[in-house]
Amino acid sequence: MTKSVKQRIGSIALVVENYDDAIEFYTQKLQFAVVEDTDLGGGKRWVLISPPNSNGTNLLLAKATTSEQKATIGYQTGGRVFLFLHTNDFWRDYESMRNNGVTFHETPRVEPYGTVAVFQDLYGNKWDLLQLDAELETL
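Attention in this report is confined to the structure presented alongside it. Note that the structure is predicted; figures quoted are calculated from it, not measured. (Residues numbered from 1 in each chain as written. Predicted model: local features only at pLDDT ≥ 70, side-chain atom pairs only at ≥ 80, totals over all residues. Heavy atoms only, no water.)

### Things to note about the environment of Thr38
Tracing the backbone through its elements, the reader meets Thr38 in strand E2 (residues 33-41). For Thr38, a relative accessible area of 29% puts it in the partly exposed group. Taking the C-alpha atoms as reference points, Thr38 and Asn88, separated by 50 residues in sequence, lie 31 Å from one another. When near neighbours in sequence (up to four residues on either side) are disregarded, Thr38 contacts Lys44, Arg45 and Trp46. (Helix = DSSP H or I, 4+ residues; strand = E, 2+ residues; numbered from the N terminus. Buried < 20%, exposed > 50% of the residue type's maximum accessible area, 1.4 Å probe, protein only. Contact = heavy atoms within 4.5 Å.)

### What to know about unusual backbone geometry
Residues other than glycine seldom take positive phi values, yet Gln31 does so here, at roughly 65°. Residue position: Gln31 is located in the loop between helix H1 (19-29) and E2. One non-glycine residue, Asn53, lies in positive phi territory at about 60°. For Asn53, a relative accessible area of 82% corresponds to the exposed category.

### Considering the nonpolar core
Of all hydrophobic cores here, the largest spans 29 residues; its most connected members are Tyr26, Leu61 and Phe119. Contributions of two or more residues to this core are made by strand E1 (11-16), H1, strand E3 (44-50), strand E4 (58-63), strand E5 (81-86), helix H3 (90-99), strand E8 (114-120) and strand E9 (126-132). When residues of this core are assigned to their parent elements, the largest contribution, 5 residues, is made by H1. Excluding residues that lie within four positions of it along the chain, Tyr26 makes contacts with Leu14, Gln31, Phe32, Ile49, Leu59, Leu61, Asp121, Leu122 and Trp127. (Core = buried A, V, L, I, M, F, W, Y, C linked by side-chain atoms within 4.5 Å.)

### Quick look at the pairing of E4
In terms of strand pairing, E1 meets E4 through 6 bridges, oriented parallel. Residue pairing for E4: Val15 is matched across the bridge by Ala62. (Pairing = 2+ DSSP bridges.)

### Describing the sheet that holds E4
Within the open sheet, the 4 strands sit side by side as E1-E4-E3-E2. Their pairing is mixed. Lying at the two open borders of the sheet, with one neighbouring strand each, are E1 and E2. Shown here is a sheet whose adjacent strand axes are inclined to one another by a mean of 25°, direction ignored. Sheet topology note: the E2/E3 ladder contains 7 bridges and is antiparallel. (Axes fitted to C-alpha atoms, helices over the stretch in contact; angles between N-to-C directions.)

In structure tokens, the structure reads:
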């Protein structure tokens, strides 16, 4: 019997200007947890962060070191929404994030797939805060 292929995305690299500033933003304003912070020497670190109670993909904070990398900070997807933060309680997280000073680009809206609002991280990367409709969450 052939073993079926099973894959997952383990981490997504997010280019940042400064490790500590990024850690502070994500842990203080979005309530993320630091999964790992390992010094690799030469000013490099392996920093993984994750939303609360997540068992999925982590963000790898990758400090920009070249001018080309620095130019992409906050603009990795050309101004489009880059990441999608799913929640089981949109209004709880929306209010918490607003109270913590997170900038939203719009008022929350209800779409056929769920409740959503676009916000930005400390560098300007756009995110969706998204609570899917219950029917869609089981797909």
